[in-house]
Structure formats: structure tokens, C-alpha cells
Amino acid sequence: MMDSPRTPDLTLSPALSRHTRPRRPSALSCSLTFFWRVMLKIKHIPEQMFDVVAYPVMFLVLFTYIFGGAIAGSTTEYLQFILPGILAINVIFITIYTGLGILNDIKKGVFDRFRSLPIWQPSFLVGALLGDTVRYAVASILVILLGLAMGFRPDGGTLGVVWATLLLLAFSFCLSWAWISLGLVMRTPESLMAMSMVILFPLSFLTNVLVPVETMPGWLQALVNVNPITHLVAAMRELMFAEPLSASIGWVALSCALLLLVFGPLSVRLYRRKR
Amino acid sequence: MATSSSLAIEAHGLVKLFGSVRAVDGIDLAVPPGGVYGFLGPNGAGKTTTIRMLATLLPPDAGTAKVFGQCVVREAKAVRSRVSLTGQFASVDEDLTGIENLVLLARLLGHSWSQARARGMELLEAFGLSEAAARQVKTYSGGMRRRLDIAASIVVTPDLIFLDEPTSGLDPHSRNEVWGIVRALVAQGTTVLLTTQHLEEADHLADRIGIIDRGKIIAEGTAGELKTLSGSGSLHVRLRDPGCRVEAMALLGRHLGVPVTPESDPAGLSTRLDDTERASAALDVLAAAGIQVVSFSFGLPSLDEVFLSLTGNQAEGGANSGGAT
Ligand SMILES: Nc1ncnc2c1ncn2[C@@H]1O[C@H](COP(=O)(O)OP(=O)(O)O)[C@@H](O)[C@H]1O
Ligand SMILES: [Mg+2]
């Protein structure tokens, strides 16, 4: 009567006596396991890919057809100019969701369990980021395919486009660490979202994304030229159109290294101290 | 008494503050390995906070704690490899399926993919969840979720398992299933520290009980020891005629010199007495006055009464204790 017929001790006992512990998995193995978890989440809740799909399409179509005629005289010509930039800010906007996702995950009970495991703790963050990089890649591919359909004809060919996209993904991966730090500091998803927008809007639009830098007043040019996103977009254009590489790609690499060096360890510190 | 090196849990003066709230306010613990140690206390007493400190999730603000002789702060990783935690709120991933949750944990504990899957299926089978293996956990009932929760905690059987209110919100059938699992775990040599708000649960499962209130352990011992702590037993009497209750209460109060309280049964009353002789005297008094008694019992106080006498508060869950056993 006491023990339910569905869980008799007879079947339970052997399952309960697995005291031998396999060898502790490596940091990489744990990160990949957490990456697998993110992939499972996408499989079970495909709706979460909505923002990844909807925004890029919206941005590209709206900007090309609204500004195209006025700024470049023709939409096809403007598309050649704007696509690398739209691609970049699309993906960069999606990076906000990394911080958001981690903030939401941490509030759940399952997070306590992960934290009580004898693993390299930051592998949870690395896995989440690897998963998000897949989302960034999906958004990138979408924008590029749509662009090609609309008349985007990059001189750099497939290879140029691939390199430009990889550069963007690397930059986004590094930038995401900043949102993770922010996500670990902020208390609510709303405040995190608001804060990220306040930072991202000027960062995305004080750039060469929509118009060439030369058309801006001098003081604005100075500002735009220190923005890492300006350099990222410049380098992406150079790669996509097989132009000679300027110093921009170096600045991108430097920004990546700085973001990673500052926010990587900071995120790990904040994460370890969480609650 | 066990020496300090052989204790499963040893804590001295554990303190945790949240702002000005002293969530845990100087807790000492000495839990020997094997068996179940029960933390009994009302909501907000500090049970979860204490468990989180012992499971290395929360650094104490003062005091020390060792698990199997290893410090929960300085040797956290070593402690983590011997304990596992089943949190108060579902500590599995709602969006994933049952098997995915177990494979995830098995992978994180170092199993290969194929071992992880085999271990996951074995646990689901043992816990009666095979049919729900491929369903998302959010579709599970409360009892299924709890069983999966515990299964997730024993992918590698820990030496010490923390179960934070493992039966809260469960129907009696599911609760009995969890009780069965706890007993099976103990039989396999795992030490269990469980928290509960239910006196009945602590009485049933725990070898030793610590009663915790407002961040302090206010009493500690076996269920039997705690029952004698309050110093007196109680006499329960049921009268044939509920109409006589007022008269009977007045009579007993006068003759015994102790307060007499009515029970929820309109014909029932009870009183505190410290020996059986006075209990039989009380029955004589009623018989002499011509008041008929249908039944009576004299016994040690329930844990409910112990809690009441220790804290002056009614413990939560006290109202429905004494249910199915
Ligand atoms: N993260 C937290 N921040 C602030 N206060 C907390 C936090 N966790 C618990 N508390 C407070 O600490 C006290 C003890 O809580 P808890 O350990 O959860 O009790 P129990 O598990 O016994 O119900 C309560 O007053 C609760 O409000
Ligand atoms: Mg609690």
C-alpha cells in the first residue's frame, strides 16, 4: 500500500546504485552539450526563430525600397551599397537576445542544477553563445538569399560573401559577451531590453550603414569613424566586392579582441557570483 | 556520536542575510551518513537557503559548512561531485523531453552519448516514465515531473542528495511514490537531506529531524525525542453527547487544573497531561458526573503539538496531518 505498484523497489534498486562516476568531461564537451540543449530548444519551440526571420526581411525590404530612390537614384544600386550594412545591423540586433535568453534561463530551477554540477561552469555561457551563433548564421543566410533575389550582385563572389559573413559572425560572437555581462547585472528582461536598445541604436545608425561617411558633416564623421560597426561594414563591403582591404579589418579584429578580453572574464566572474 | 570526519554534513554557525532579512541565522548541523535527515519548518523558515548553501550554490555570510569533510566554499567542486540537488521548483527543463533532460545531465557528468541514452532510459523505466520519455516535460503531471526531477538527480547516484520539499503540491498517490523512492535511495546507501512543511512527512521518513523557524534550529532529535520534548502527553476524549461538552470541559478544568480545549469534532475535547494516572482520574471525574465517554486516547503529543509548543505558531500542513499512512 505504501509504495505505489508503478515504482516498486525491485525495479528501482538497480537503477539507484550507479555510484561509479565517469571521467569528468572537458570544458569543450560540456560547452557542446549545452549547445545541443539550445538546438533542442529551437527544435521544440521553432517560434523563437521568428525574430531571426522577420526582422531581416523587414529591414532589407523597407530600407531598400524607401531610401533607394532618394539616396542612390535606383533601388538596385542602393541594394549593392546597403546590403552588407543591413546584414550587419540585423545580426547585431539579434545579439541582444543572447543576454535576454541567459537572464531568462538563470531564473529557472534547472539553472540551480547546472550550477551544482562538477563542471567548468562557464561552459553554460559558451554553449548558449554557440547556439546563438547558429541563429545569427540563419539570419545572415536569409538576408543574403533575399538580397540575391532582389538583385544583389557582389563582385567578390561566393567566397567574398562567405568571408564577410564569417567576419560578422565572429564580431557578433564577441559582442554577445557584452550582452551576457549586462544580462547578468540587470534584474529584469525589460530593463535589459531597454538598456540594450539605448546602446545599440546609436551604435547601429551612427555608421556608414545607410549612407557613405563622406556625405556627413566633419564632426559626425569623426564620431562615425571610431564606431567599430562602421569598420565592420566597411570590411564586409571590401570582402563582398573584392576591393583591396583597408585598415578596417584590423580595427574589427582589435574590437573583437577587446570585447572578448573585457567582457569574457567579466561575464564569467558575474556568472560565478550569480545569486 | 560520530566524529567530525565521518559526518555527511557538518555546519557551524551558518548565516545568510538578504538585505536586512536574516534568512539563516546561525545554524549548526551534524548529520551522520546514511538515513534521512528532515528539515521541518514553515514557509520562509530558511530551509531552501540552508540547502543552497550546503549545495555550494550560495556562499554563507558567516559560519562554515563541510560535506563529507570538504568545505562547501573552498572545496566546492569536490563537494559538487558527491552531492546532487533537487530544487523546490522543478529543476528540469520544461521545454525538453524527459529523455533529453536525462541525456543532458548524463553528458554533463561525463557519459558518452550512447551511455547517456542507456542510463536515461534505465532511469525512466525504473521511475515509470518510459511512456512519457519523448514528451516535453511541460506536459507532465506534477507527480511525473517530481519523479523525473529525482531521476535527474541520481544519473550518477550521489552520496548525499538534497530534496527540497519533494512532495509539496502532490496528491497522496504521487506523494507515496516519492516516499517509496526516498526509502529506496536510503536502502542503496545514499544520505538524504529533505525539507518539508509537513510534520507527517518528517515523522514518516526522517531518522532525525531539525525543526527550523526564522533561520534557527529550535529543536533537533528523532521524532520520538521531539515528541517528549514538549514535556507532556495529551488526552483526547470523545463524548457520546456533544451537548455535554461544555459541562465536561468545565469539570475537567476544575479537577485537573489544566486548560481543556475543544476539538473540531463537536463531541471531542483534549487536554495536556503529563502522566497516565491523571488521565484515568480524569475519566473517573467524567463517569462520576454521568457523562458518557465513547472513546479516549492518551499518547505522546503529535509533532504538530511539539511545533506549537516550541514556536507558538501553528505549523503549516498541521491541519491535515494524520492523513493516509
Ligand atoms: N534571493 C532572495 N532574496 C531575498 N530574500 C530571500 C531570497 N531567498 C530567500 N529570501 C528570504 O529568506 C527567508 C528564508 O527563505 P527560504 O530559505 O526560501 O525559506 P523556506 O525554504 O524555509 O521556505 C524568507 O524570508 C525569504 O523571503
Ligand atoms: Mg523553500
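What comes next is a walk through the structure. (Residues numbered from 1 in each chain as written. Chains lettered and ligands numbered in written order. Predicted model: local features only at pLDDT ≥ 70, side-chain atom pairs only at ≥ 80, totals over all residues. Heavy atoms only, no water.)

**What about the coordination of the magnesium ion (ligand 2)?**
Residue and element names in this part refer to chain B.
Okay, step 1: Protein ligation of the magnesium ion (ligand 2) involves Thr-48 (OG1) and Gln-88 (OE1), the donor distances falling in the range 2.0 to 2.2 Å. With Thr-48 in helix H1 (residues 47-54) and Gln-88 in the loop between strand S6 (83-86) and helix H3 (98-108), this pair connects stretches of sequence that are 40 residues apart.
Okay, step 2: Assessed through its relative accessible area of 26%, Thr-48 is described here as partly exposed. (Donors = N, O, S within 2.8 Å, 3.2 Å for Na, K, Ca; no water. Helix = DSSP H or I, 4+ residues; strand = E, 2+ residues; numbered from the N terminus. Buried < 20%, exposed > 50% of the residue type's maximum accessible area, 1.4 Å probe, protein only.)

**Topic: the pattern of salt bridges**
Okay, step 1: All chains considered together, the criterion is met by 22 salt bridges over all chains.
Okay, step 2: Among the salt bridges present, the one from A:Asp105 reaches A:Lys108, with a minimum N-O distance of 4.0 Å.
Okay, step 3: Assessed through its relative accessible area of 37%, A:Lys108 is described here as partly exposed.
Okay, step 4: Across the pair B:Glu200 and B:Arg175 runs a salt bridge whose closest N-O atoms are separated by 3.5 Å. With B:Glu200 in helix H7 (residues 199-205) and B:Arg175 in helix H6 (residues 172-187), the pair connects residues that are 25 residues apart, well separated along the chain. Each member of the pair, B:Glu200 as well as B:Arg175, is classed as buried.
Okay, step 5: One salt-bridge network, held together by shared partners, links A:Arg37, A:Lys41, A:Asp105, A:Lys108, B:Asp93, B:Asp95 and B:Lys138. (Salt bridge = Lys/Arg side-chain N within 4 Å of Asp/Glu carboxyl O.)

**So, a positive patch on the surface**
Okay, step 1: Judged by side-chain charge, A:Arg21, A:Arg24, A:Arg272 and B:Lys77 come together as a positively charged surface patch.
Okay, step 2: Of note, B:Lys77 is situated in helix H2 (residues 76-80). (Patch = residues over 30% accessible without salt bridge, like charges linked within 9 Å, V, L, I, M, F, W, Y side chains within 5 Å. Areas by Shrake-Rupley, 256 points an atom, 1.4 Å probe, with all protein chains shown as cover. Lys, Arg positive; Asp, Glu negative; His and termini not counted. Charge placed at Lys NZ, Arg CZ, Asp CG, Glu CD.)

**Things to note about the site of ligand 1**
Residue and element names in this part refer to chain B.
Okay, step 1: Within the structure, ligand 1 sits among Phe-18, Val-21, Ala-23, Pro-42, Asn-43, Gly-44, Ala-45, Gly-46, Lys-47, Thr-48 and Thr-49.
Okay, step 2: One of the backbone N or O atoms of Gly-44 is found 2.6 Å from an oxygen atom in ligand 1.
Okay, step 3: Within the backbone of Lys-47, a nitrogen or oxygen atom sits 2.8 Å from an oxygen atom of ligand 1.
Okay, step 4: Coverage of ligand 1 by the protein chains reaches 61% of its 560 Å² of free accessible surface. (Near = heavy atom within 4 Å. Polar contact = N/O pair within 3.5 Å; in protein donor to acceptor, adjacent residues only side chain to side chain.)

**Some words on a nonpolar patch on the surface**
Okay, step 1: Taken together, the side chains of A:Tyr55, A:Met58, A:Leu62, A:Ile66, A:Phe67 and A:Ile71 define a hydrophobic patch exposed on the protein surface, amounting to about 540 Å² of accessible area.
Okay, step 2: Residue placement: A:Ile66 occurs in helix H3 (residues 50-72).

These figures come from the coordinates and say nothing about function on their own.
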